[in-house]
Amino acid sequence: MKIIRNIRHMQRSSRAWRRRDLVIGLGPTMGCLHRGHLSLIEIAKKKADITVVSIFVNPTQFSPSEDFGAYPRNFARDRKICADSGVTAIFSPRADEVYPPGFSTSVTEELLSKPLCGKSRPIHFQGVTTIVCKLFLAVLPDFAVFGQKDAQQALVIKKMTTDLNFPIDIVVGPIIREVDGLAMSSRNRYLSPERRKSALAIYRGIELCQEIFDNGERDSGRIKKIVTNEIETHGGRIDYVECVSIESLESIEKIKGSALVAVAAYFGDTRLIDNRVLEE
Ligand code: PAF
């Protein structure tokens, strides 16, 4: 497995693979790999000849009050996981090459990045679209795989890819959960055992709203309330619970066909997100 630290080197390798007509799949990550990432790697491996995993904790998607400094990093462990999973190359550029002094260009998606996480994390998606754009231009993949847990991120990236005519397919892998239902996230490790238990309320809330939806409930107010109550009863602080269109992310009052129930909640200082697509 190759470890590539430099953007030019990455582009040179990708151009060589492309000359040989090899299909390149990219799994963009911030490291601290877990089973959720592994499932994205597996999806990439099935479709690609060359699987590249990028590992870069991107400073521009964290606001000054967020956990950039504390974000878990363990390159040796990530490298072993990638090697064991048959990844072709890790692309892990240095921050000062990605954002050299004087860096002054960014990519902004103006619609889908505004609601949900965009409200409480106003600079987040601009950081994400900018780094993903840079990763695309460094790795030159045929497709890239993102997780449905970050449903809004996947939609924003799809929109950016279409709007900017990137010749890259965006593939979205399903949410991977711990055995008890908590959605896999690098941030789960911040939770104390007690908070970890309370945080399961998010999953239970989502399951409850699936249940009432399956029994015919279409009123988004009642669906949101059941999730909110479950989380608040277990000590969680709601950032948002929304019921939105799965395409436009606009709020829905009465569900017709399908809807995305999206949740962000704090347990202690840890902000967790999760979602469910309700579909008839
Ligand atoms: O989902 C993530 O881990 C990050 O937002 C991404 C897509 C790797 C960009 O930094």
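In what follows, the structure referred to is the one given above.
Here the residue index of a chain counts from 1 through its sequence in written order. In keeping with the predicted nature of the model, local features appear solely for residues at pLDDT of at least 70, side-chain atom pairs appear and are counted solely at 80 or more, and the whole-chain, interface and lining totals rest on all residues. For side-chain calculations, the full set of non-hydrogen atoms in the structure is used, while hydrogens and water are omitted.

Novice: Which parts of the structure should I look at to understand the sheet that holds strand β9 (residues 270–279)?
Specialist: To summarise the sheet geometry, strands pair through backbone hydrogen bonds and adopt either a parallel or an antiparallel arrangement. Reading across from one edge, β7-β8-β9 is the order of the three strands in this open sheet, with antiparallel pairing throughout. Only two strands of the sheet have a single neighbouring strand rather than two, namely β7 (237–244) and β9. Along the sheet, successive strands turn relative to each other by an average axial angle of 10°, direction set aside. Sitting on the sheet, helix α10 (residues 220–233) is in contact with β7, β8 (258–267) and β9, with an inclination near 155° to β7. Two strands pair under a simple rule: DSSP has to find at least two bridges between them. Each helix is a run of H or I in the DSSP string that is no shorter than four residues. Each strand is a run of E no shorter than two, and both are numbered from the N terminus. Lines are fitted to the C-alpha atoms to define the axes, a helix being fitted only along its stretch in contact, and any angle between axes, read from their N-to-C directions, falls within 0 to 180 degrees. Here a residue-residue contact requires only that any non-hydrogen atoms of the pair lie within 4.5 Å.

Novice: Quick question: what am I supposed to make of the side chain of Gln-152 here?
Specialist: Relative to the elements of secondary structure, Gln-152 occurs in helix α7 (residues 151–163). Within the local environment of Gln-152, its side chain forms a polar contact with the backbone nitrogen of Cys-117, the two atoms lying 3.1 Å apart. With near-sequence residues (within four places) excluded, Gln-152 lies in contact with Leu-112, Ser-113, Lys-114, Pro-115, Leu-116, Cys-117, Gly-118, Phe-125 and Leu-249. In protein, a polar contact requires one atom able to donate a hydrogen and another able to accept it; more generally it is a pair of N or O atoms within 3.5 Å, and residues adjacent in sequence count only if both atoms are side-chain atoms.

Novice: Mind showing me how you'd approach unusual backbone geometry here?
Specialist: Trans peptide bonds make up most of the peptide bonds, and negative phi angles are found at most residues other than glycine. One non-glycine residue, Cys-32, adopts positive backbone phi at about 50°. With a phi angle near 50°, Leu-116 is a residue other than glycine that sits in the positive phi range. Looking at the element boundaries, Leu-116 is found in the loop between α4 (95–98) and α5 (117–120). In this scheme, a residue with accessible area under 20% of its type's maximum is buried, one over 50% is exposed, and one in between is partly exposed, where area comes from a 1.4 Å probe on protein chains only. With relative accessibility at 5%, the residue Leu-116 sits in the buried group.

Novice: Before we go on, may I ask you to explain the packing of helix α6 (residues 124–139) against α7 in this structure?
Specialist: Two numbers describe a pair of packed helices, the interaxial angle and the distance between the axes. Across the interface, α6 lies against α7 with an axial gap of 10 Å and an inter-helix angle of 55°. Relative to α7, α6 is oriented oblique. Seen along the crossing, α6 lies across α7 with a hand that is right-handed. Of the residues in α7, those in contact with Phe-125, Val-128, Thr-129, Val-132, Cys-133 and Phe-136 of α6 are Gln-152, Gln-153, Val-156, Ile-157, Met-160 and Thr-161. Amino acids outside the nonpolar list (Ala, Val, Leu, Ile, Met, Phe, Trp, Tyr, Cys, Pro) and the charged list (Asp, Glu, Lys, Arg) are all regarded as polar, and Gly is one of them. Among the residues forming the contact of α6 with α7, the class breakdown is eight nonpolar, four polar and no charged. In these notes the angle categories are as follows: under 35 degrees is roughly parallel, over 145 is roughly antiparallel, 65 to 115 is roughly perpendicular, and the rest is oblique. Left-handed describes a crossing whose near helix is turned anticlockwise from the far helix by less than a right angle; the clockwise case is right-handed.

Novice: Quick question: what am I supposed to make of the site of the ligand here?
Specialist: Any residue with a heavy atom lying within 4 Å of a molecule or strand is counted as near it. The environment of the ligand is formed by Pro-28, Thr-29, Met-30, Asn-58, Gln-61, Ile-131, Phe-146 and Gln-153. The separation between an oxygen atom of the ligand and a polar side-chain atom of Gln-61 is 2.6 Å. Working definition of accessibility: Shrake-Rupley area with a 1.4 Å probe, residue cover restricted to the visible protein chains. Bound to the protein, the ligand loses 88% of the 290 Å² it would expose on its own. In the shell around the ligand, the residues fall into four nonpolar, four polar and no charged.

Novice: Looking at this structure, I do not really get a positive patch on the surface. What am I missing?
Specialist: In this scheme, patches are assembled from residues that exceed 30% relative accessible area and form no salt bridge. Like charges are connected within 9 Å, while nonpolar side chains (Val, Leu, Ile, Met, Phe, Trp, Tyr) are connected within 5 Å. Only one rule defines a salt bridge in this text: a Lys or Arg side-chain nitrogen within 4 Å of an Asp or Glu carboxyl oxygen. Think of it this way: Lys and Arg go in the positive column, Asp and Glu in the negative one, and His and the chain ends go nowhere. A charged residue contributes its charge at one atom only: NZ of Lys, CZ of Arg, CG of Asp or CD of Glu. A cluster of basic side chains, namely Arg-8, Arg-12, Arg-15 and Arg-19, defines a positive patch on the protein surface. Looking at Arg-15, the relative accessible area reads 42%, which means it is partly exposed.

Novice: For this particular structure, what's the right way to read the nonpolar core?
Specialist: Most often, soluble globular proteins keep nonpolar side chains buried together rather than apart. One finds Met-10, Trp-17, Val-52, Phe-91, Val-132 and Phe-136 to be the most contacted residues of the largest nonpolar core, which totals 30 residues. Elements represented by at least two residues in this core include exactly α1 (7–19), β2 (24–29), β3 (50–55), β4 (89–91), α6, β5 (143–147) and α7. Per-element tally for this core: the top contributor is α6, with eight residues. Setting aside residues no more than four positions away along its own chain, Phe-136 makes contact with Leu-26, Pro-141, Ala-144, Phe-146, Ile-157, Met-160, Thr-161, Phe-166, Ile-168 and Ile-170. Among buried residues, the Ala, Val, Leu, Ile, Met, Phe, Trp, Tyr and Cys ones that are joined through side-chain atoms within 4.5 Å form a nonpolar core.

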